[in-house]
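# A structural walkthrough
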Amino acid sequence: MEWGDLTEITLRSLAVSLSATGVAALIAMPFGAWLAIQPFRGRRWAIATLNALIGIPPVVVGLVVYLLLSRSGPFGVLGLLFTPWAMILAQVVVITPLIASLTHQTVRDLWLRYRDLLVSMNTTRRQRLAILLRDGQRGLMTAGLAGFGRAIGEVGAIMIVGGNIDHATRVLTTAITLETSKGNLWFAVALGAVLIALSLVVSLGAHALSRGERRAQW
Amino acid sequence: MVRLDQVWITRAGHRLLGPATVTAHPRGVTAVLGPNGSGKTTFLRCLHGLEAPTSGTIEWDAEIAPQDQSFVFQKPVLLRQTVRENVALPLKLRGIKDPDLTEIANTFELNALLGRAAVDLSGGEAQRVAMARAWITNPVLLFLDEPTANLDQATTALVETVIRSTARAGTRVFMSSHSRAQVKRLAQDVIFLDAGRTFGPYDAQEFFENPPQAARTWMEDGT
């Protein structure tokens, strides 16, 4: 691998993981919030299952997504296997339970504080969710960053569904794996440093974009 | 008129309220009096619909829509937003995007605080914000749970003035309080609670001139 390829795979890593985090957040945050405020039969089981799914092995996720997207699978006709789309899909599956669980915890804590007020004000479920998600933005940002951190450091699933194809699906983690296997240890270490730096930059950027610490009661 | 018939509220085997049997024709301010732990808060929450009775029935003769009621909690609950956003919240929930807060801010002396973050307020300031939020919809029915418990003398006087003028304007107020002096100043009727059991309602003046048997021990306590 040339040093010139570094920019390309860094940008691809960022694009894939940010996309996956965005999609997962759109699914997980409303679901986690809903789970916190909506009583229903079996909710405790649903929460326990969600928490258990946080630890789902990415390799297994990669295998399942591979089977679904492979030519003989139900979605093979879409031709997504070994594309960044398949990598995004696999990462979404891996990080959605994590973001949903952290969202649930954040919203549940707020709901315990606000419940009487919001019920007293005769708010609709939609209004409650909007208020809780707005006031819980600090916790939600942490959930999003945790999801992004897991996505960008993930290798098992995206190796299976992406294939680590040069100039197509190679990202930082799969490149590190490849360079290590080739014995290019210093290059692998450099890629690792880039990966860590990327994670830090995204995290600090998210904090800088959020409202002030004092105002949001961090 | 509100009628409670043999209402009990229990939680984990503990009685929070009951037996509560009251027929009240609220006029002005109805004070809910009683010692600590007697069930005053639970009684108010039950009237407002925040607590469902474990048994018994509650009937209001005129249907008062939930949006025509407001509740001020003893410990103010404010969103992590500015004072302005907290006060305007009930109106925004009704689709009013940029409500005029001038009058309500004047009433509760909040003009200087409107731009502040609610988390930066003192306890007394937070309670005034919570009250302004409850008052801003001009409720038909207002529940106040020890509204002046954490306020200084000057703010208590301000709040009492507002409560009095609100009641005169036709809002029916249910208010729990520890302070007999405050109840004497504000209330037309008194409902007394002791260990979850309700007594009354009594005409406030009669209650203090000739306390019912159930309230005598507490009255003699002198607090």
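Residues numbered from 1 in each chain as written. Chains lettered and ligands numbered in written order. Predicted model: local features only at pLDDT ≥ 70, side-chain atom pairs only at ≥ 80, totals over all residues. Heavy atoms only, no water.

### Details of the overall build of chain B
Heads up, the condition is: Helix numbers and strand numbers start at the N terminus; a helix is a DSSP run of H or I with at least 4 residues, a strand a run of E with at least 2. Put simply, the radius of gyration uses C-alpha atoms, and a globule should come to 2.2 Å times the residue count raised to 0.38. Burial classes follow relative accessibility: with a 1.4 Å probe on protein chains only, a residue under 20% of its type's maximum area counts as buried, one over 50% as exposed, and anything between as partly exposed. Residue contacts are defined here by distance: any two heavy atoms, one from each residue, within 4.5 Å place the two residues in contact. Accessibility throughout is a Shrake-Rupley quantity obtained with a 1.4 Å probe, and a residue counts as covered only by protein chains that appear here.
If you tally the helices and strands in chain B, you get eight helices and nine strands. Scaling as 2.2 N^0.38, a compact globule of 223 residues should have a C-alpha radius of gyration of about 17 Å, and chain B matches this with 18 Å. By principal-axis analysis of the C-alpha atoms, chain B measures approximately 50 × 35 × 35 Å. By the burial criterion, 54% of the 223 residues in chain B qualify as buried. Sequence separation of 24 or more characterises 69% of the internal contacts of chain B that already satisfy a separation of 6 or more. Total accessible area on chain B stands at roughly 10100 Å², and carbon and sulfur atoms take up 46% of it.

### Observations regarding the overall build of chain A
Rules: Charge assignment: positive for Lys and Arg, negative for Asp and Glu; neither His nor the chain ends contribute. Taken as the charge centre is NZ of Lys, CZ of Arg, CG of Asp or CD of Glu, depending on the residue.
A tally of helices and strands in chain A yields nine helices and zero strands. For chain A, the α and β elements follow one another from N to C terminus as α-α-α-α-α-α-α-α-α. Oriented by its inertia axes, the alpha-carbon framework of chain A measures out at about 65 × 45 × 25 Å. Taken over 218 residues, chain A has a buried fraction of 45%. If you take every contact in chain A between residues at least 6 apart in sequence, the share linking residues at least 24 apart comes to 71%. Across chain A, the centroid of the 19 positively charged side chains sits 17 Å from that of the 10 negatively charged ones.

### Side note on the sheet that holds strand E6 (residues 141-145) of chain B
Residue and element names in this part refer to chain B. Under the convention used in this document: Strands are treated as partners if at least two bridges between them are detected by DSSP. Convention adopted: a line fitted to C-alpha atoms gives each axis, helices being fitted over their contacting stretch, and angles between N-to-C directions are expressed from 0 to 180 degrees.
Read across the sheet, six strands follow the order E5-E6-E7-E3-E8-E9 without closing on themselves; strand pairing throughout is mixed. What marks the edges here is a single partner per strand, and that holds for strand E5 (69-72) and strand E9 (197-203). Averaged over all pairs of adjacent strands, the angle between their axes in this sheet comes to 15 degrees, without regard to strand direction. Direction of pairing for strand E8 (residues 189-194) relative to E9: antiparallel, over a ladder of five bridges. What sits directly across from phenylalanine 192, in E9, is phenylalanine 199. Where helix H1 (residues 40-48) meets the sheet, it contacts strand E3 (29-33), E5, E6, strand E7 (172-177), E8 and E9, and its direction lies at approximately 160 degrees from that of E6.

### Here we look at the pairing of strand E1 (residues 2-11) of chain B
Two faces, one strand: in a regular strand the side chains alternate between the faces of the sheet. All names here are of chain B. Pairing between E1 and strand E2 (residues 14-24): seven bridges, direction antiparallel. When the bridges of E2 are listed, arginine 3 appears paired with threonine 23. Linking E1 back to E2 in an antiparallel pair, the connection comprises two residues, with alanine 12 at a positive phi of about 50 degrees. Where E1 meets strand E4 (residues 55-60), five bridges bridge the pair, whose relative direction is antiparallel. Bridge pairing links aspartate 5 to threonine 57 in E4.

### Observations regarding the sheet that holds E4 of chain B
Residues and elements named next belong to chain B. Spatially, the three strands line up as an open sheet ordered E2-E1-E4, and their pairing is antiparallel. Bordering the open sheet on either side are E2 and E4, each of which pairs with just one other strand. Across this sheet, the average inter-strand angle for adjacent strands is 20 degrees, counted without regard to direction. Contacts between H1 and the sheet are confined to E1, E2 and E4, with E1 contributing the most and set at about 120 degrees to the helix.

### Points about the packing of aromatic side chains
Residue and element names in this part refer to chain B. Our working rule: Only rings of Phe, Tyr and Trp enter the pairing, Trp through its six-membered ring, and a pair is recorded when the two centres are within 6.5 Å. The plane angle decides the type: under 30 degrees is stacked, over 60 is edge-to-face, the rest tilted.
Applying the stated rule across the entire model yields twelve aromatic pairs over all chains. Taken together, a centroid distance of 5.9 Å and an interplanar angle of 25 degrees make the contact between phenylalanine 71 and phenylalanine 143 stacked. Placement of the pair is phenylalanine 71 in strand E5 and phenylalanine 143 in strand E6, with a sequence separation of 72 residues. Exposure remark for phenylalanine 71: the relative accessible area of 6% places this residue in the buried category. Under the relative-accessibility criterion, phenylalanine 143 is labelled buried at 0%. Between phenylalanine 192 and phenylalanine 199 the ring centres are 6.3 Å apart and the planes differ by 45 degrees, which places this aromatic pair in the tilted class. Looking at phenylalanine 192, the relative accessible area reads 1%, which means it is buried. A relative accessible area of 22% means that phenylalanine 199 is categorised as partly exposed. One aromatic cluster is present, formed by Trp60, Phe71, Phe73, Phe143 and Phe174 through successive ring pairs.

### Here's the deal with the nonpolar core
Basically, it comes down to this: Here, the term nonpolar core denotes a set of buried Ala, Val, Leu, Ile, Met, Phe, Trp, Tyr and Cys residues that are joined through side-chain atoms within 4.5 Å.
Core analysis: the largest hydrophobic core is formed by 46 residues, its most contacted members being Val87, Trp135 and Ile163 of chain B. For this core, the leading source of residues is helix H4 (residues 123-135) of chain B, giving seven residues. Among all residues touching valine 87 of chain B, those that are not within four sequence positions of it are Leu101, Ile104, Leu110, Val129, Ala132, Arg133 and Ile136 of chain B. The next biggest cluster of nonpolar side chains, apart from the first, holds 38 residues, and it includes Trp111, Tyr114 and Leu118 of chain A together with Leu193 of chain B.

### Structural notes on the confidence of the model for chain A
What counts, and what does not: One number per residue, pLDDT, summarises how confident the predictor is, and it ranges from 0 to 100.
Counting all residues, the mean pLDDT for chain A is 90, and 94% of those residues have values of 70 or more. Scored below 50 in pLDDT, residues 213-218 of chain A makes 17 contacts in the model with residues more than four places away or belonging to other chains.

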